[in-house]
Amino acid sequence: MIAAVNGVCAGGGLHFVADADIVIAASDATFLDPHVSIGQVAAYEDIALVRKSPMESVMRMALTGRHERLSAARAHQLGILSQIVTPPDDLSGAAQELAEKIARNSPAAMRATKKALWGALEMGLTDACKAGALELVSMWGHPDQAEGPLAFAEKREPEWAPVTRPNPEEQL
Amino acid sequence: MKYSSFDCLEIERHGPVGWLINNRPDQLNAMSSQMRDEFAVAWTELDEDPDVRVIVHTGNGRAFQTGVDVSEIASDGVGMERYRDSMENWDLHFTAWHQHVWKPVITAVNGLCAGGAFHWIADADIVIAASDAQFFDPHVSVGQVVSVEAIGLMRKIPVEAVMRMAFVGRHERMDAQRAYELGMVSQVVDPPENLRDEAQALAEKIARNSPAAMRATKKALVGALELGLTDACKAGARELVSMWGHPDQTEGPRAFAEKREAEWQPLERETPA
């Protein structure tokens, strides 16, 4: 999931930044969290953000509220996002281009990767690595594991096996 | 100290600094099963050597390291299955962290750093890079999962950068400057050929500090990655107190007052529990 931030991203809008795998932004994007300026608590979105980016910058945004904005350039330096698009009008094109790169990779391997890495935020390091090792092994024997190296050796694009959305009840 | 002989690694000692050098340059230092076994021995021996206070890990040739040796995987008839037990039973031995090395470890990234190479980024205490170093993680581009090394890394640097590398696979590379901005490395060395001199200089600075205090510090900070904040601080307080009464606690202030280098107590390797 790529979040492509155009313009102002404020308050609850940060949920979509915090919960995205990849974030890019137009060069004129700005970030702020005005919760405390209107007597509300900034919580879930910032808790997730402090797990993903340097903590000081998130606390500052949470506590300055509407009286300060984080620029796209600073958010890029801090690693809250990985790409700034200039001019801003090119944002959709850049997002599509990035998404198409990602779409060339194995869907099944990406799903297991996403489970391993997001799951890691829930656990201590060693437990997370153990759980991640199980996700890693879960791909062994999958057709993509043979197709990937084969396509690489034959210098062609791989033909990945499609993945279907699992029944949410089975996941629980 | 007499070290074992290695085919895939080189070990050197320069003053108080032990060097572990990946030495399969023709395979871009990809890790064969033999190299994997040699890492286990090399880390332990460097940790046991009383003359080594700080360890630097780097590579020969144009790559630092490029993960598992894919040509061995593709041709030996065993493939990744060789490693199934070690993964499922969490029985890894190829990084300093795996081997419970409590001496400071610096990774000095020369050239390419790809895929499984991030194990030695994630598990090092300090990482520096040559200005021409390039970072990328091609696992998903060859149908493999990104997991253990990225989990370690995402505790230490912004998660988004780790996720982007994980998902973009071999179709994009991160340069040393961006790695510096993100805090993945703390120093970029330019020109690149100065990397080893800079790593040695950094290691010598670190080697001037109390080995026992650094061990307790490393235990406190690495241990904090396992716990919630309050529990980590409580455990860290115990590491802090563990040094009280140690001879280095009186030698340090005395040497400072007398304007001389401290003479620290040597450390013996702790046998992992």
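For every chain, the first residue of the written sequence is number 1, and numbering continues from 1 onward in sequence order. Chains carry letters and ligands carry numbers; both start at the beginning, A for chains and 1 for ligands, and go up in the order they are written. With the structure being a predicted model, the display of local features is reserved for residues of pLDDT at least 70 and the display and counting of side-chain atom pairs for 80 or more, all residues being used for whole-chain, interface and lining totals.

## Observations regarding the overall build of chain A
As a reminder, the rule being used: To qualify as a helix, a DSSP run of H or I must reach at least 4 residues; to qualify as a strand, a run of E must reach at least 2; elements of each kind are numbered from the N terminus. What counts as a contact here is a pair of residues whose C-beta atoms, placed from the backbone, lie within 7 Å.
Scanning chain A from terminus to terminus reveals nine helices and six strands. Projected onto its principal axes, the C-alpha coordinates of chain A cover approximately 55 × 40 × 30 Å. Here the contacts in chain A between residues at least 6 apart in sequence split such that 58% fall between residues at least 24 apart.

## What to know about the interface of chain A and chain B
Our working definition: Each residue receives one of three labels: charged for Asp, Glu, Lys and Arg, nonpolar for Ala, Val, Leu, Ile, Met, Phe, Trp, Tyr, Cys and Pro, and polar for the others, Gly being one of them.
At the junction of the two partners, chain A supplies 44 residues and chain B supplies 41 residues. Here the element with the most residues in the side of chain A that touches chain B is helix α7 (residues 125–138) of chain A; it accounts for ten residues. Across the side of chain A that touches chain B, the residue classes tally to 23 nonpolar, twelve polar and nine charged.

## Some thoughts on the nonpolar core
The nonpolar side chains of soluble globular proteins are, as a tendency, buried together. Note the following rule: To form a nonpolar core, buried Ala, Val, Leu, Ile, Met, Phe, Trp, Tyr and Cys residues must be joined through C-beta atoms within 7 Å. Buried residues are those with 20 or more other C-beta atoms within 10 Å of their own C-beta, exposed residues have 12 or fewer, and partly exposed residues lie in between; C-beta atoms are placed from the backbone.
Formed by 125 residues in total, the largest nonpolar core has its most connected members in Ala25(A), Ile106(B), Ile121(B), Ala129(B) and Val162(B). Ranked by residues supplied to this core, first place goes to helix α6 (residues 159–168) of chain B with eight residues. Among all residues touching Ile121(B), those that are not within four sequence positions of it are Thr107(B), Cys113(B), Val127(B), Leu153(B) and Met184(B).

## Observations concerning the packing of helix α2 (residues 44–52) of chain A against helix α3 (residues 55–64) of chain A
All names here are of chain A. As a reminder of what qualifies: The angle between two axes is taken between their N-to-C directions and runs from 0 to 180 degrees, where each axis is a line fitted to C-alpha atoms and a helix contributes only its stretch in contact. An angle counts as roughly parallel when it lies under 35 degrees, as roughly antiparallel when it exceeds 145, as roughly perpendicular when it falls between 65 and 115, and as oblique in every other case. Left-handed describes a crossing whose near helix is turned anticlockwise from the far helix through less than a right angle; right-handed describes the clockwise counterpart.
Interhelical geometry of α2 versus α3 gives an angle of 160° and a closest axis separation of 8 Å. As judged from the angle between their axes, α2 and α3 are roughly antiparallel. Seen from above, α2 lies across α3 with right-handed handedness. For the pair α2 and α3, contact is made by Asp46, Leu49 and Val50 and by Met55, Val58 and Ala62, respectively. Here the residues of the contact of α2 with α3 sort into five nonpolar, no polar and one charged.

## Remarks on the pairing of strand β5 (residues 105–109) of chain B
Residues in a regular strand project their side chains so that they alternate between the two faces of the sheet. Residues and elements named next belong to chain B. Heads up, the condition is: By the convention used here, strands pair only if DSSP detects at least 2 bridges between them.
Across the five residues that make up β5, a large majority, five, are buried. Of the two faces of β5, the one holding Val105, Thr107 and Val109 and the one holding Ile106 and Ala108 are both buried throughout. Bridging between strand β3 (residues 54–59) and β5 involves three bridges; their strand directions are parallel. The residue bridging His57 from the neighbouring strand is Thr107, located in β5. By the bridge criterion, four bridges tie β5 to strand β7 (residues 126–130) in an arrangement that is parallel. Residue Ala108 lies in a different strand from β7, and its bridge partner there is Ile128.

## Topic: the sheet that holds β3(B)
All names here are of chain B. One open sheet accounts for six strands, arranged β1-β2-β3-β5-β7-β10; its pairing is mixed. Bordering the open sheet on either side are β1 (9–14) and β10 (187–189), each of which pairs with just one other strand. Each neighbouring strand pair of the sheet contributes to a mean axis angle of 20°, computed without reference to strand direction. Contacts from helix α1 (residues 33–48) reach β1, β2 (17–22) and β3 within the one sheet, and its direction differs from that of β1 by about 15°. Strands β1, β2, β3, β5, β7 and β10 of the sheet are contacted by helix α8 (residues 195–207), whose axis makes an angle of about 165° with β3.

## Considerations on α6(B)
The α-helix advances 3.6 residues per turn, and as a result positions three or four apart in sequence lie on the same side. Residue and element names in this part refer to chain B. Taking burial as the measure, the ten residues of α6 include ten buried ones, the bulk of the element. Every buried residue of α6 is accounted for by Val159, Glu160, Ala161, Val162, Met163, Arg164, Met165, Ala166, Phe167 and Val168. Among the residues trailing α6, Gly169 stands out with phi positive, at a value near 60°.

## Considering the sheet that holds strand β4 (residues 63–65) of chain B
Residue and element names in this part refer to chain B. Read across the sheet, four strands follow the order β4-β6-β8-β9 without closing on themselves; strand pairing throughout is mixed. Every interior strand has two partners, whereas the edge strands, β4 and β9 (174–175), have only one. Taken together, the three bridges between strand β6 (residues 112–114) and strand β8 (residues 134–136) define a ladder with parallel strand orientation. In the strand pairing of β8, Cys113 is matched with Phe135.

## A few points about the packing of helix α6 (residues 107–120) of chain A against α7(A)
Each pair of packed helices can be described by the angle between their axes along with the distance between the axes. Residue and element names in this part refer to chain A. At a minimum axis separation of 9 Å, α6 and α7 run at an interaxial angle of 175°. Overall, the two elements α6 and α7 adopt an arrangement that is roughly antiparallel. On α7, the residues touching Ala112, Lys115, Ala116, Gly119 and Ala120 of α6 are Ala128, Ala131, Gly132, Glu135, Leu136 and Ser138. For the contact of α6 with α7, the per-class residue count stands at six nonpolar, three polar and two charged.

## Side note on the domain arrangement of chain B
Residue and element names in this part refer to chain B. To be explicit about the condition: A domain assignment, automatic or from a database, supplies the domain bounds used here.
Assigned domains of chain B: these are domain 1 (9–207) and domain 2 (211–257). Placing a centre on the C-alpha atoms of domain 1 and another on those of domain 2 gives a separation of 26 Å. In this assembly, five residues from domain 1 lie in contact with six residues from domain 2. Tallied by class, residues from the side of domain 1 that touches domain 2 come to two nonpolar, no polar and three charged.

## Focus on the environment of Val146(B)
Summarising the element assignment, Val146(B) is placed in the loop between β8 and α5 (148–153). With 30 residues separating them in the primary sequence, Val146(B) and Gly116(B) have C-alpha atoms 8.6 Å apart. The residues contacting Val146(B), other than those within four sequence positions of it, are Thr113(A), Asp137(B), His139(B), Val140(B) and Ala166(B).

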